[in-house]
Amino acid sequence: MNLDWTDIRRRAEAGEGVTEAEALAMTALTGEALAPVFATAGAVRREIKGNFVNTCGISNAKSGRCAEACSFCSQSAHFNTDAPKYTLKSADSMVAEAHEAHACGVREFSLVASGRAMTNPAELAVVKDAVGRIRAETGMQTCASLGLMPEAALSELKDAGLQAVHHNLETARSFHGNIVSTHTYDEEVDTVRAAKKLGLYTCCGGIFGMGESWAQRVELALELRALDVDSVPLNFLNPRPGTPLEDRKDLSAEDCLKIIAVFRLILPTKDLIVCGGRAVNLGERQDEIFRVGANGVMMGNYLTTAGRAADLDLDMLEKEGLVIRPPPHKPHSASLRPSVRAEGTDSTGLA
Ligand code: SF4
């Protein structure tokens, strides 16, 4: 297929993503032939997102002992792993972690809990308390990732101050059964739809390098486009010992950059956040993620693996001429280095 880069860029900058056939043709390119994919995706990111980036951080608020079986996850009770196991942290502890993240430059903070769904009223009460306090005390965008959540529970959290819901589809519908045996794709989708119905900012993406094909990566992006999510976290598998995927090593740094670029061109207006597996899969090429279309990174530690030092990420933003998107409520902490701190508050309409 002949790819018309001028037309692809014009359409993407107007908000129209590429067709499935165009995306598949791009995924077949390698080496120097990828140059126009990367350059166009970077140009579209700059046109639509300017020099603003999102930075998110998480609290692993409840870890391990999960009854679900997701093949990539070391927190599943079905697998013998060394992932930490603890019950829900106190609200005080989550709020303290949020303050630490805020001081490091994090704009959006998510409380993440293992398990099928957090519907226990006592646990929900703790999360609601933490959400309200984090929003009031830091001004960061508040997010939660609590499993297959019903609308009623999400509504309660929204009333407490929650602004965003994170829930990954994990992979393409046609590959999901190879990875997850204890719940269905439609259950994942229902959680995202419930959050959208409530007007919450939806952060929904997947993990790459689990054995899926390039066509299935494109399939996931098209599913996310149909769902009209706001933000797409892109995770690259960091195989965890003891999980069924412990020996997989599918992705090169070039593959990761190609995934970012193709997702930008399928989803030109969405936030694309590079999350788990960034350091281990991209290595020295991490700095290129923004040049090929990403407009955000997760900072600090991931759920069960360590991230890199916040200073290195702030250096990377500074070098790329990027600044953290203004926060929804209050200016960032004055302790954050001014070169990456945008003034004012967000006026994009997205909380
Ligand atoms: S990904 Fe979530 S639901 Fe799946 S095993 Fe891990 S903690 Fe449980």
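The structure reproduced in this document is the subject of the present report. (Residues numbered from 1 in each chain as written. Predicted model: local features only at pLDDT ≥ 70, side-chain atom pairs only at ≥ 80, totals over all residues.)

This brings us to the nonpolar core. Counting residues in hydrophobic clusters, the biggest one holds 93 residues, and the most contacted among them are Leu234, Ile260, Val262, Phe263 and Leu265. Ranked by the residues each element gives to this core, the list is headed by helix H10 (residues 253-266), at 9 residues. Leaving out residues up to four positions away in the same chain, phenylalanine 263 has contacts with Ala221, Val232, Leu234 and Leu272. (Core = buried A, V, L, I, M, F, W, Y, C linked by C-beta atoms within 7 Å. Buried ≥ 20, exposed ≤ 12 C-beta atoms within 10 Å, placed from the backbone. Helix = DSSP H or I, 4+ residues; strand = E, 2+ residues; numbered from the N terminus. Contact = placed C-beta atoms within 7 Å.)

With that settled, consider the packing of helix H4 (residues 91-103) against helix H5 (residues 121-138). Interhelical geometry of H4 versus H5 gives an angle of 30° and a closest axis separation of 9 Å. With respect to H5, the element H4 is oriented roughly parallel. The two elements H4 and H5 cross, and the hand of that crossing is right-handed. Packed against H4, whose contacting residues are Ala91, Met94, Val95, Ala98, His99 and His102, the element H5 presents Val126, Asp129, Ala130, Arg133, Ile134, Glu137 and Thr138 at the interface. Of the residues assigned to the contact of H4 with H5, the class counts are 7 nonpolar, 3 polar and 3 charged. (Axes fitted to C-alpha atoms, helices over the stretch in contact; angles between N-to-C directions. Parallel < 35°, antiparallel > 145°, perpendicular 65-115°, else oblique. Left-handed = near helix turned anticlockwise from the far one by under 90°. Nonpolar A, V, L, I, M, F, W, Y, C, P; charged D, E, K, R; others polar.)

Between H5 and helix H6 (residues 151-159), the least distance of the axes is 9 Å, while the angle of their chain directions is 35°. The handedness of the crossing between H5 and H6 comes out as right-handed. Contact with H5, carried on its side by Leu124, Val127, Lys128 and Val131, involves Ala153, Glu156 and Leu157 of H6 and no other residues of that element.

So, about unusual backbone geometry. Here the phi dihedral of arginine 65 falls at roughly 55°; this positive angle occurs in a residue that is not glycine. Tracing the backbone shows arginine 65 in the loop between strand E1 (52-62) and H4. With a phi angle near 60°, aspartate 228 is a residue other than glycine that sits in the positive phi range. Assignment of secondary structure puts aspartate 228 in the loop between helix H9 (214-227) and strand E7 (231-236).

Moving on: the site of the ligand. If you check the shell around the ligand, you find Cys66, Glu68, Cys70, Cys73, Gln75, Ser76, Ser114 and Gly147 and nothing else. Of the residues that constitute the shell around the ligand, the class distribution is 3 nonpolar, 4 polar and 1 charged. (Near = placed C-beta within 6 Å.)

With respect to the helices, strands and loops of the structure, lysine 196 is situated in helix H8 (residues 185-197). For lysine 196, a count of 17 C-beta atoms within 10 Å gives the class partly exposed.

In this fold, glutamate 254 is placed in helix H10. Note: C-alpha distance between glutamate 254 and asparagine 281 (27 residues apart in sequence) is 9.4 Å.

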